[in-house]
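# Residue-level structure breakdown
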Amino acid sequence: MPIDEKLLHDLDERRANALVSGAPAKVEERHDKGLLTARERVDSLFQPGSFQEFGMFAEHQCTNFGMGEKKLPADGVITGVGLMEGRPVAAFSQDFLVAGGSLGRVHAQKICDLMDYAQRAGVPVIAFNDSGGARIQEGVLSLAGYGQVFFRNVLLSGVVPQIAVIAGPCAGGAAYSPALMDFLIMTKTGASMFICGPEVIKAATGQVTTIDEIGSAAAHATVSGNVHFVANDDGHAIEIVRKLLSFLPANNLVDPPHRPTPELDLSDVPAFEEIIPGDPKKPFDVHHVIEALVDDADFLEVHMEWAKSIVVGFARIQGIVTGIVANQPMVRSGTLDIDSSDKAARFIRFCNLYSIPIVTLVDVPGFMPGVAQERGGIIRHGAKMLFAYAAATVPKITVIMRKAYGGAYLAMCSRDLGADMVFAWPTAEIAVMGAEGAVKIVFRREIKDAADPAKEEAALVKKYREEFSSPYQAAANAQITDVIRPAHTRAAVAMALRNTLSKRETRPPKKHGNIPM
Amino acid sequence: MKKLRVTVDGKAYDVLVEILDEGAPPAPANPGAHPAHVESAHVSAPPVSARSGGGTAAAGDVPSPLAGKVVSIDVRPGQSVEAGAQLLTLEAMKMNTYVFAPAAGTVKETLVAPGDAVAEGQVLVRMS
């Protein structure tokens, strides 16, 4: 006796209803606005037909406020696993068409189940956030749901990469789940993220503001630093997810997807010697150095518009996945300040978690001087850089292009903080401080007693610079691996990465270090 | 199976060579298609209006990115400039820092002179 056709028909109908979120007309409306539905976001993330959905028929159990009558397909969130470039990846996507994507108990449970699965399977998690917030009718169970998601964000942190896409509203406590993840991508229009919105701010403080000022992608990508990438639309956001994952391992126990070239290209790259200006005062755009260093000039910059005096991002160098950290002399003289220290430290720690070697490009005159910096805690923020580099056990290769002074020299992955190899260009100035300042302290009396103090000072500065503001003092003291021609940088770094890729370093066991916050 | 010709003392022999253990073929430099370059969309910081406590900076005001000394003014009042044009040069931390036009427009006035010390956030140039 074959299966009863009615059963199959019933299943098909239920499935069809879920696929349009129970609201076919609203799907059209969304398309008219140029937005993808929650399900389309997931579908375009994965290879066609490869999405395995978890809990399509899940339903809420709430009976408060007439909710018993309401059907909420999939309880407002699509969860499951699919294939991206042949690699399994877990994803959840909040469905704004179902009760505004609000988070209730079952909605939260589905997200938690998916995250538990991702942890067991060792696969990355992608989270599309598009939700009005807590489902108020479900009361404290909704609140508890957020807590359970946050708890899992923390459990998974450092185990599998977690990437959030803010593709709609993400307000109040809901913003803390993406904030606990590794990378946030936010669409330029239609998305917002804040703890307290303009109405609440006005009621509580009297300040009049707008979502653009406090919660837009532009605000978070340039001012608050909450967002790592801005996407023009849903499709662009998915491209960024795909590109990001192309550099990341599935979990912390496997290697990143290196694609070592069968032969190392050791040829010189003359471009490096054209980028570095003859005048040490003249800034240059460190992006040009990165482009000359990495394969196909293909560099995925993280936090492109925030704390721009440091540049961080992912690339491959002769096939080896690498995290790049580079001072940017074009912006604020390339100094380390509060925000740039925070930005670099977090990136370094991410690379360390996922076995991604770090290449550091140095041209740093120092930490940013200023009252705001000191009062803002540059000491504890700058300390994050020292902490992150010293704690990182991945291969660490440093290239000192130009200035490397004082504490900032140490903070940019000096040998003393555990760099495996340090190369310096002949233009490098490695010293405890700049010549002018040093001479004033060391030769205070000589200058004061000289017949012509100004002339004496100038002569001493010149002498100091010749002796100390060069790579050779450091080289003589075996503080660096080698002084190289800039043109040889790509070959030297590529070789260093290959030679160091098998690095293993164990540290005393402990719960975790106490990084300054 | 490879077909080879071996010449010994001027006499050619055709031989068939079977390679029993070839190992894995060498990986191509970049297997598959080159992934397209992807980057974050460009955005600029939304200005905070005075009513939300953002100070009195008006649209078109170009603030100093850091505290330093003015080295040179690189535009004249009345000059029209493209977005990204170099407006003036500052010196801080023994490094020159260029200040660029945030958008295309006309330089209305320059508020500082070479040698002036400027504070971070101080308006340097007004544009319209």
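In this text, all values refer to a predicted model and were calculated from it rather than measured experimentally. (Residues numbered from 1 in each chain as written. Chains lettered and ligands numbered in written order. Predicted model: local features only at pLDDT ≥ 70, side-chain atom pairs only at ≥ 80, totals over all residues.)

### Digging into the overall build of chain A
Under the convention used in this document: To qualify as a helix, a DSSP run of H or I must reach at least 4 residues; to qualify as a strand, a run of E must reach at least 2; elements of each kind are numbered from the N terminus. Counting other C-beta atoms within 10 Å of a residue's own tells you its class, since 20 or more makes it buried, 12 or fewer makes it exposed, and anything in between is partly exposed; those C-beta atoms are placed from the backbone. A pair of residues counts as a contact when their C-beta atoms, built from backbone coordinates, are within 7 Å of each other.
Helix and strand counts for chain A come out as 21 helices and 17 strands. C-alpha extents for chain A along the principal axes are approximately 105 × 60 × 45 Å. Taking all 517 residues of chain A together, the buried fraction comes to 49%. Here the analysis covers contacts within chain A between residues at least 6 apart in sequence; of these, 74% occur between residues at least 24 apart.

### Section: the sheet that holds strand E10 (residues 123-127) of chain B
Residues and elements named next belong to chain B. The criterion, for reference: At least two bridges found by DSSP between two strands is the condition for calling them paired.
The 4 strands lie next to each other as E3-E10-E8-E5, forming an open sheet whose pairing is antiparallel. Of all the strands in the sheet, the pair left with one neighbour each is strand E3 (61-63) and strand E5 (80-81). Here 2 bridges tie E5 to strand E8 (residues 105-110), and the two strands are oriented antiparallel to one another. Pairing of Val81 across the sheet is with Gly105, part of E8.

### Some words on the interface of chain B and chain A
Operational definition: Amino acids are sorted into nonpolar (Ala, Val, Leu, Ile, Met, Phe, Trp, Tyr, Cys and Pro), charged (Asp, Glu, Lys and Arg) and polar (every other residue, Gly among them).
If you look at the interface, chain B gives 30 residues, while chain A gives 42 residues. Looking at which element gives the most residues to the side of chain B that touches chain A, the answer is strand E7 (residues 95-100) of chain B, with 3 residues. Taken together, the residues that form the side of chain B that touches chain A break down as 17 nonpolar, 9 polar and 4 charged.

### Some details on the nonpolar core
We count it as follows: For the purposes of this analysis, a nonpolar core is taken to be any set of buried Ala, Val, Leu, Ile, Met, Phe, Trp, Tyr and Cys residues that are connected through C-beta atoms within 7 Å.
In this structure, A:Val165, A:Ile185, A:Met186, A:Val241, A:Ile348 and A:Ile400 are the most contacted members of the largest nonpolar core, which totals 141 residues. With 7 residues, the single largest contributor to this core is helix H13 (residues 338-353) of chain A. For A:Ile348, the contacting residues outside a window of four places in its chain are A:Val325, A:Ile358, A:Ala388, A:Tyr389 and A:Ala392. B:Ala67, B:Val70, B:Met95 and B:Val99 belong to the second-largest nonpolar core, a separate cluster that totals 17 residues.

### Observations concerning the sheet that holds strand E5 (residues 162-166) of chain A
Within a sheet, adjacent strands bond to each other through the backbone by hydrogen bonds, running parallel or antiparallel. Residue and element names in this part refer to chain A. Filter applied, for reference: Angles run from 0 to 180 degrees between N-to-C directions of axes, and those axes are lines fitted to C-alpha atoms, restricted for helices to the stretch in contact.
In spatial order, the strands read E1-E2-E3-E4-E5-E7-E9; together these 7 strands make up an open sheet with mixed pairing. Strands at the two margins of the open sheet, each flanked by one partner only, are strand E1 (52-54) and strand E9 (229-231). Taken over all neighbouring pairs, the strand axes of this sheet differ in orientation by 20 degrees on average, direction set aside. As paired elements, strand E7 (residues 183-187) and E9 share 3 bridges and run parallel to each other. Bridge pairing links Thr187 to Ala231 in E9. Across the sheet, helix H10 (residues 234-245) lies against strand E2 (77-84), strand E3 (87-94), strand E4 (125-129), E5, E7 and E9, angled at about 160 degrees from E7, the strand it touches most.

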